[in-house]
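Close look at the chain arrangement
What follows is the residue order along each chain.
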Amino acid sequence: MRAARILLLAAAVATGAAAIYLAASVPSEPATVRLPLDADDRALLALVPADAKAFAFVPSAAALHRRLLAHPVTQRGFERWTGRQNLPRPWMIGNGDLVAWQSGDGVHYALRVDALRAFLVRVYLQWSGKEGSREGRVFIVGERGGPRIGRAELDALSSLASGLPAAHALLIQREGGTFPPIARPAATAVTVSEREIFLASRAATADGAVPKPAPSIRFPRSALVTAWFSEPPRAIDDLDRLLRARVSALLRDGGAIALYGVESGTLMPRPREVFILPAAEDRRRLLDEFVRGLAPQTLRDALGLRLETADTGSELLVAFDRTSIGKYRADVLVEPRFPGAAWSLRLDVAGARPALDRVVDSPALRFATPRLHRSARNLARWLGGLEGAATIEAAVFKRPEGEELRVVISPK
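These remarks concern the structure in this document. (Residues numbered from 1 in each chain as written. Predicted model: local features only at pLDDT ≥ 70, side-chain atom pairs only at ≥ 80, totals over all residues. Heavy atoms only, no water.)

Per the secondary structure count, the protein includes 14 helices and 18 strands. For the protein, buried positions account for 48% of its 412 residues. At a minimum sequence separation of 6, the contacts of the protein that also span at least 24 residues come to 66%. Summing over all exposed atoms, the protein offers an accessible surface of approximately 20,100 Å²; the carbon and sulfur share of this is 55%. (Helix = DSSP H or I, 4+ residues; strand = E, 2+ residues; numbered from the N terminus. Buried < 20%, exposed > 50% of the residue type's maximum accessible area, 1.4 Å probe, protein only. Contact = heavy atoms within 4.5 Å. Areas by Shrake-Rupley, 256 points an atom, 1.4 Å probe, with all protein chains shown as cover.)

Attention now goes to the packing of aromatic side chains. Tallied over the entire structure, the rule returns two aromatic pairs. Between F275 and F320, the aromatic rings sit 6.4 Å apart at their centres with planes inclined by 85 degrees, giving edge-to-face as the arrangement. Residue F275 is located in strand β12 (residues 270-278), and its partner F320 is located in the loop between β14 (315-319) and α11 (324-330); the two are separated by 45 residues in the primary sequence. You'll find F275 and F320 in the same group, each marked buried. Here a set of aromatic residues connected by ring pairs shows up, and it is made of F275, F290 and F320. (Phe/Tyr/Trp six-rings, centres within 6.5 Å; stacked < 30°, edge-to-face > 60°.)

Formed by 45 residues in total, the largest nonpolar core has its most connected members in I392, V407 and I409. In terms of residue count, helix α12 (residues 349-360) provides more of this core than any other element does, five residues in total. In terms of nonpolar packing, the next biggest core, distinct from the first, is built from 26 residues, L44, W101, V138 and L164 among them. (Core = buried A, V, L, I, M, F, W, Y, C linked by side-chain atoms within 4.5 Å.)

With that settled, consider the pairing of β12. Of all nine residues that make up β12, seven are buried, and the element is covered over most of its length. Strand direction decides the pairing type here: strand β11 (residues 255-263) and β12, joined by seven bridges, are antiparallel. When the sheet's bridge partners are listed, G261 is paired in β12 with R272. Examined bridge by bridge, β12 and β14 share five bridges and lie antiparallel to one another. Note on β14: the bridge partner recorded for L277 is L316. (Pairing = 2+ DSSP bridges.)

Right, let's get into the pattern of salt bridges. Overall, the coordinates contain 16 salt bridges when judged by the stated rule. The salt bridge partner of D311 is R284, with a shortest N-O separation of 2.7 Å. Of the two residues, D311 sits in strand β13 (residues 308-311) while R284 sits in helix α9 (residues 281-292), which places them 27 residues apart along the sequence. K398 serves as the salt-bridge partner of E403, at 3.9 Å between the closest nitrogen and oxygen. Given a relative accessible area of 12%, E403 falls into the buried group. Judged by its relative accessible area of 33%, K398 falls in the partly exposed class. Connected through shared salt-bridge partners, R34, D38, D41, D97 and R112 make up one network. (Salt bridge = Lys/Arg side-chain N within 4 Å of Asp/Glu carboxyl O.)

This paragraph deals with the environment of F275. Given a relative accessible area of 0%, F275 falls into the buried group. In sequence terms F275 and T226 are 49 residues apart; their C-alpha atoms lie 9.9 Å from each other. In contact with F275, not counting residues within four places along its chain, are L239, L243, V247, L251, A256, I257, L316, L317, V318 and F320.

Geometric values such as these leave the question of function open.
Here you go:
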């Protein structure tokens with residue numbers, strides 16, 4: 001009996017010591033991705049199967065998991081997402097590294113862990129009935145997949161990522177997806193600080209064209225969405241049909257749109273927005289031609305077009321409602337975080353979400369303005385996991401070697 005008690009006591013002490021070690025060895029601060037990637041990290045990425053659409057590398061993944069669950073921006077969305085995923089438990093990872101990839105209908109993982117966790121992960125996989133396999137200290141949780149990503153492509157993707165800043169996670173998107181809004185493949189570095197979340201993305205482009213930067217800009221603070229651009233996106237053409245006027249012609253050499261609301265009392269929701277142009281003489285002539293080319297006032301009244309214009313000396317303002325220009329002129333203008341970009345955007349998350357929902361829920365807009373509707377739908381989906389965000393600011397820089405995106409997400 002005494003021997004049995006001693007054995008039980010020893011087992012309890014060993015179990016307690018192991019539990020203390022597992023808890024204590026989970027770091028409190030996320031590690032950073034070392035760029036360019038070293039040989040060990042590249043070997044871990046080489047486990048990604050060739051059919052993966054996207055994959056992510058997270059050093060010290062348990063610490064980043066803990067920060068995302070506590071962060072005011074990501075807490076609710078990350079809790080929902082982790083509840084739907086077959087994620088490795090933080091104690092399984094400790095100070096280890098993780099590679100996750102999207103393949104088939106699910107997300108799969110490879111863990112690089114210490115010797116004790118390697119034993120415990122193997123026991124856990126066998127006991128839980130989860131599919132997995134082992135390669136040394138690396139465990140693949142989920143389907144192993146077929147052929148793996150080729151070395152030449154991995155070299156190219158590593159080179160693409162090497163110009164990004166140090167970050168807590170590295171995301172590679174080979175194809176598909178709505179974010180980042182640049183070419184594919186794209187590499188994104190994600191940094192989760194105590195307050196803000198910063199994303200930096202890069203994509204190589206084939207044409208090497210470099211547009212002129214957008215004009216010197218400032219963002220109206222109370223606008224739901226403000227977008228400045230040196231070249232208008234194709235979705236601007238949809239506004240011609242929505243507003244029954246060729247507003248795209250006003251923006252062909254760049255400008256801005258500040259959205260203050262969406263009027264939903266009609267068949268198609270009507271935006272309450274201001275078009276902002278630099279007050280150059282050629283722009284003034286263009287605006288005069290635009291006004292003269294509109295339908296007569298009586299017809300505009302019948303169509304609900306209430307054209308308003310203003311010349312502040314530095315800016316030309318155009319709106320199709322009675323209130324938006326007044327709101328803009330009374331607004332507080334803030335400096336951008338990323339000056340000199342090809343396009344810049346600032347988003348008031350709480351205010352923009354209901355307006356985006358009205359656009360997305362409109363069947364008329366889906367058929368009449370498909371690009372605008374698709375852009376609003378993609379943006380609404382992306383905001384779905386960011387309930388704690390107050391503002392998002394983004395900018396794209398286009399250079400001969402490719403595109404670069406910068407995003408800052410600030411909490412409430």
